[in-house]
Amino acid sequence: MQRSSLSMSNAWVGALINIFAIISVFAMMHHPHEALFDGRENKRLQVTHGVLIFTMTFFAFGMDRFTTIMAHQKIDAKLGMLFYYIGLGSMIGAAIISGYLQPALTEAFAANAEAYVDQKRFAAALNQVLASVSICFFGAAGAFLCPGLILSSGKLRLVGLLSLIVGITMIAAMLLGTYLNVFAMTALTVAFVIWHAGIGAVLITRAED
């Protein structure tokens, strides 16, 4: 049977999710540890966070397609997706601060390092708050999306288990007071993209839904 243009689109979305999952992990592995008075390092911060913002936005697009499949299976995804979108907005905010505000501050205060210290602390604290809120809400999204999926079969059940594991991991990380440095964010990014790679696989194999 010939696929419709929408079905083919879903398959391409699934394939691109898996490609962007690899790219996002690669970007985190090349994440500088902080904004310095160095134009090259600041440029790396900007490129890294630009890539991460793009991939996270595309993941959300893929999640929207995935919820159509969930709806066909009579699985309610509205609450889980509400948490997901709040997490997305918070993480984009954290990425903008880390990738663009902090490098801008290093340039603005290049001639006044002492004044930069206070600005840097404020930006770093705001980045931590937004990133922590994001991880909490992404974790809640995984927890609320998993029940109906786990009760399904095949790849949907696998995605449900991934949602549960990632959700618990993210919530536990925040309850344990994990400081979201580059290493911790890379580890959580790996968990996040594995979850979305499973969703990508569903979109590829069930493109007709």
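A few points on the structure. Owing to the predicted nature of the structure, the values given are computational and were not obtained by experimental measurement.

Next up on the list: the state of the cysteines. Inspection of every chain in the model, using the stated rule, returns zero disulfides. Considering cysteine sulfurs only, cysteine 146 is the nearest to cysteine 136, which forms no disulfide, with 17 Å between them. By relative accessible area, cysteine 146 is classed as buried at 5%.

Phe59, Phe66, Tyr84, Leu180 and Trp195 are the most contacted members of the largest nonpolar core, which totals 47 residues. Mapped onto this core, the elements with two or more residues apiece are α1 (5-29), α2 (39-72), α3 (78-108), α4 (113-150), α5 (154-175) and α6 (182-205). Sorting elements by how many residues they give to this core places α6 first, with ten residues. In this structure, leucine 180 is in contact with Gln128, Ala131, Ser132, Ile135, Met174, Met185 and Leu188, ignoring residues within four places of it in sequence.

Attention now goes to unusual backbone geometry. A positive phi is found at lysine 74, a non-glycine position, where the angle reads about 60 degrees. One can find lysine 74 in the loop between α2 and α3. Residue lysine 74 is classed as exposed on the basis of its relative accessible area, which comes to 77%.

Definitions and limits used
Residues numbered from 1 in each chain as written. Predicted model: local features only at pLDDT ≥ 70, side-chain atom pairs only at ≥ 80, totals over all residues. Heavy atoms only, no water. Disulfide = S-S within 2.5 Å. Buried < 20%, exposed > 50% of the residue type's maximum accessible area, 1.4 Å probe, protein only. Core = buried A, V, L, I, M, F, W, Y, C linked by side-chain atoms within 4.5 Å. Helix = DSSP H or I, 4+ residues; strand = E, 2+ residues; numbered from the N terminus. Contact = heavy atoms within 4.5 Å.

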